[in-house]
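Listed below are the residues making up each chain.
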Amino acid sequence: MPTWGNTIYSLLEQTGPFASADTPPGFRVFSTESRQRAKCLKDKELVTKYRATRNQTFEFLDVGSFSEIQGLLNDRERRQQIEKRAYKLLGNMFGINGSEREIISKVDSYSRTADDVIRYLKNKILANYAPFIEITNEIDITNSPVELLLIMFDERYHKKARFEAKRKLILMSLAGSIDQRERETEVEAKFSGFLDFLNAYVWSPEIKIGELDIFYLLSTHNKKDFSCIDVQVLNMAEAADIKPKQGRKLTLIKRRRFKENGREVPIYVSVRKKPPEAKVLKLIRKKEENPAVAVDDELGLLGVLDTVAEVRLFQKHLTESAIRASSFMTLEDISDTLGGGKHKSSSIGSSSSTPMLKFFARMGGMRVEFIVHTNKSYLDYIYKKDVSHDEYEVKRLFDSGVAELLFPREIYHLDMAAVKDNLIDWFRQRIEGQ
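To keep things clear, this report deals only with the structure shown in the data block. (Residues numbered from 1 in each chain as written. Predicted model: local features only at pLDDT ≥ 70, side-chain atom pairs only at ≥ 80, totals over all residues. Heavy atoms only, no water.)

## Some details on empty space enclosed by the protein
- Taken as a whole and assessed by the stated rule, the structure comprises one cavity of 30 Å³ or more.
- One number sums up the size of the largest cavity: a volume of about 50 Å³.
- Residue lining of the largest cavity: Ala114, Asp115, Ile118, Ile135, Ile139, Glu164, Arg167, Lys168 and Leu171, and that is the complete set.
- Elements represented by at least two residues in the lining of the largest cavity include exactly helix H5 (100-123) and helix H9 (159-185).
- Broken down by element, the lining of the largest cavity gets its largest block of residues, four residues, from H9.
- Considered class by class, the residues forming the lining of the largest cavity number five nonpolar, no polar and four charged. (1 Å grid on protein atoms, 1.4 Å probe; cavity = no way out; pocket = protein on both sides within 12 Å on 5 of 7 lines; lining within 4 Å. Points joined across faces, edges and corners; volume = space filled by probe spheres on them. Helix = DSSP H or I, 4+ residues; strand = E, 2+ residues; numbered from the N terminus. Nonpolar A, V, L, I, M, F, W, Y, C, P; charged D, E, K, R; others polar.)

## Brief notes about the packing of aromatic side chains
- Taken as a whole, this structure holds 16 aromatic pairs when the rule is applied.
- Seen in terms of ring centroids, Phe58 and Phe66 are 5.2 Å apart; in terms of plane orientation they differ by 75°. Their pairing is edge-to-face.
- What makes Phe58 buried here is its relative accessible area of 10%.
- Taking 5.1 Å as the distance between ring centres and 70° as the angle between the ring planes, the aromatic pair formed by Trp426 and Phe427 counts as edge-to-face. (Phe/Tyr/Trp six-rings, centres within 6.5 Å; stacked < 30°, edge-to-face > 60°. Buried < 20%, exposed > 50% of the residue type's maximum accessible area, 1.4 Å probe, protein only.)

## Some thoughts on unusual backbone geometry
- Even without being glycine, Asp333 reaches a positive phi, approximately 50°.
- Secondary-structure assignment places Asp333 in strand S6 (residues 330-336).
- The exposure class of Asp333 is exposed, given its relative accessible area of 54%.
- Positive phi, close to 70°, is recorded for Asp386, a residue that is not glycine.
- Tracing the chain through its elements places Asp386 in the loop between helix H15 (375-383) and helix H16 (389-399).
- Here Asp386 falls in the partly exposed class, since its relative accessible area comes to 46%.

## Observations regarding the layout of surface pockets
- The computed volume of the second largest pocket comes to approximately 1,100 Å³.
- Along the walls of the second largest pocket sit 38 residues, with Leu11, Thr53, Gln56, Thr57 and Leu149 positioned nearest its centre.
- Of all elements in the fold, only helix H2 (47-61), helix H4 (76-93), H5, helix H8 (145-151) and H9 reach the threshold of two or more residues within the lining of the second largest pocket.
- With nine residues, the single largest contributor to the lining of the second largest pocket is H2.
- Within the lining of the second largest pocket, the residues separate by chemical class into 25 nonpolar, six polar and seven charged.

## Observations regarding the packing of H2 against H4
- Where H2 contacts H4, the axes come no closer than 9 Å and their chain directions differ by 120°. For the pair formed by H2 and H4, the contact residues are Glu59, Phe60 and Leu61 on the first element and Ile82, Arg85, Ala86 and Leu90 on the second.
- Here the residues of the contact of H2 with H4 are counted per class, giving five nonpolar, no polar and two charged. (Axes fitted to C-alpha atoms, helices over the stretch in contact; angles between N-to-C directions. Contact = heavy atoms within 4.5 Å.)

## As for the environment of Lys168
- Within the fold, Lys168 resides in helix H9.
- For Lys168, a relative accessible area of 3% corresponds to the buried category.
- In this structure, the C-alpha to C-alpha distance between Lys168 and Thr113, residues 55 residues apart in sequence, is 9.3 Å.
- Beyond its immediate chain neighbours, meaning those up to four positions away, Lys168 contacts Ser111, Ala114, Asp115, Ile139, Asp140, Thr142, Asn143 and Leu148.

## A closer look at the environment of Glu410
- For Glu410, the location among the structural elements is in helix H18 (residues 409-412).
- Between the C-alpha atom of Glu410 and that of Lys160, which follows or precedes it by 250 residues, the distance is 9.4 Å.
- Excluding residues that lie within four positions of it along the chain, Glu410 makes contacts with Gln14, Ser20 and Lys159.
- At 3.2 Å, the side chain of Glu410 forms a polar contact with the side chain of Gln14.
- For Glu410, the side chain forms a polar contact with the side chain of Lys159, separated by 2.5 Å. (Polar contact = N/O pair within 3.5 Å; in protein donor to acceptor, adjacent residues only side chain to side chain.)

## What to know about the pattern of salt bridges
- In this structure the tally under the stated criterion is 36 salt bridges.
- Salt-bridge contacts for Arg79 lead to Glu147; the nearest nitrogen and oxygen are separated by 3.1 Å. Taken together, the residues Arg79 in helix H4 and Glu147 in helix H8 connect sequence positions 68 residues apart.
- The partly exposed category is assigned to Glu147, whose relative accessible area is 25%. (Salt bridge = Lys/Arg side-chain N within 4 Å of Asp/Glu carboxyl O.)

## A closer look at the packing of H16 against helix H19 (residues 416-432)
- Look at H16 against H19: their axes get within 9 Å of each other, and the N-to-C directions meet at 175°. Our classification of the angle between H16 and H19 gives roughly antiparallel. Contacts between H16 and H19 involve Asp390, Glu391, Val394, Lys395, Phe398 and Asp399 from the first element and Met416, Val419, Lys420, Leu423, Ile424, Phe427, Arg428, Arg430 and Ile431 from the second.
- Residues of the contact of H16 with H19, tallied by class, amount to eight nonpolar, no polar and seven charged. (Parallel < 35°, antiparallel > 145°, perpendicular 65-115°, else oblique.)

## Comments concerning the environment of Lys282
- Residue position: Lys282 is located in helix H12 (residues 276-285).
- Spatially, the C-alpha atom of Lys282 lies 14 Å from that of Trp4, the residues being 278 residues apart in sequence.

Dropping the structure here:
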């Protein structure tokens, strides 16, 4: 089982000294739980972490002891003063410029991102277990960091609610760090610039911006591992005549075109800017608190072409397009397994047998991740057993320990090993069914 060391994530471990207990921290100083917590802190060498966290809590709430925190619970006027001060402190910490209202709005957006992390998992990967992991209503509607922090010390709240208040504060902190870095590196402007570059220099001048041609990939798959054996490209009229059949898939692709040597080459493209909730999850998977270290693929493009030869042609076209845009382009961290072999990946849950061309392109002040497939390798990427992206998302959530960290068994009553197996089986049935 992954360990979280001295990182901020250790505060969420229900098996560690910061676990949410039946009584809030500091509520009963000489209780059995308090003695056990003190012993665990010493055993796990987290005493310094505890002292730093305790001092930060006192400073944030402008108090000197746990007993003073208890006094705040029934002092609404004092809480409002502390809340006003806290937003100002957070604004300065995250480098937020603007009026008091603008700072509050920005910090509240971190609260929405924190909730979006849980909702993303609840609505997608863990949709089958949504009732188990639903956020407590009172925590869901609370945006104020001060109110969330006070809930952690309020005995009126159930252990689950107090855990979720703590989890939300930690996710908000990560969201704030990500937002600060995005403002410093001007990610929004770079993403817009990347789209402008593609439209002006990469895609065919014969097509309008946003113009897409609808096609389908008709594929036959191996019974053993559901790998793609054969694939044909069909237009809409041809696809309409295809009947469902076991071991066969019909996959919609919307293609653009680029022009090379006077020839129009079709390409399916998905361009994405990683959303904040995905970046938060990546930070946790990497056990990192600094987004500059862990999130290196904010901008990305997935491309799918008919043949390996066309993949090479697109790569050449890309570098030539950059020159036309008055920028040299260098390709970094290139991994090419379309011709065979296995790629090396440090990503938890990733399969080394996924054929693809992967590289980072540096140009125009941007570093963009490109993943390029042939039709066949793309179909393996979304359908093949032990390789499919759905399975990969499940594996990296569970194998990294993130699922257990965010939804500890003691509170959510889920056996994560069994949940992982059930979800992979469910995705396989959905993929391989007619």
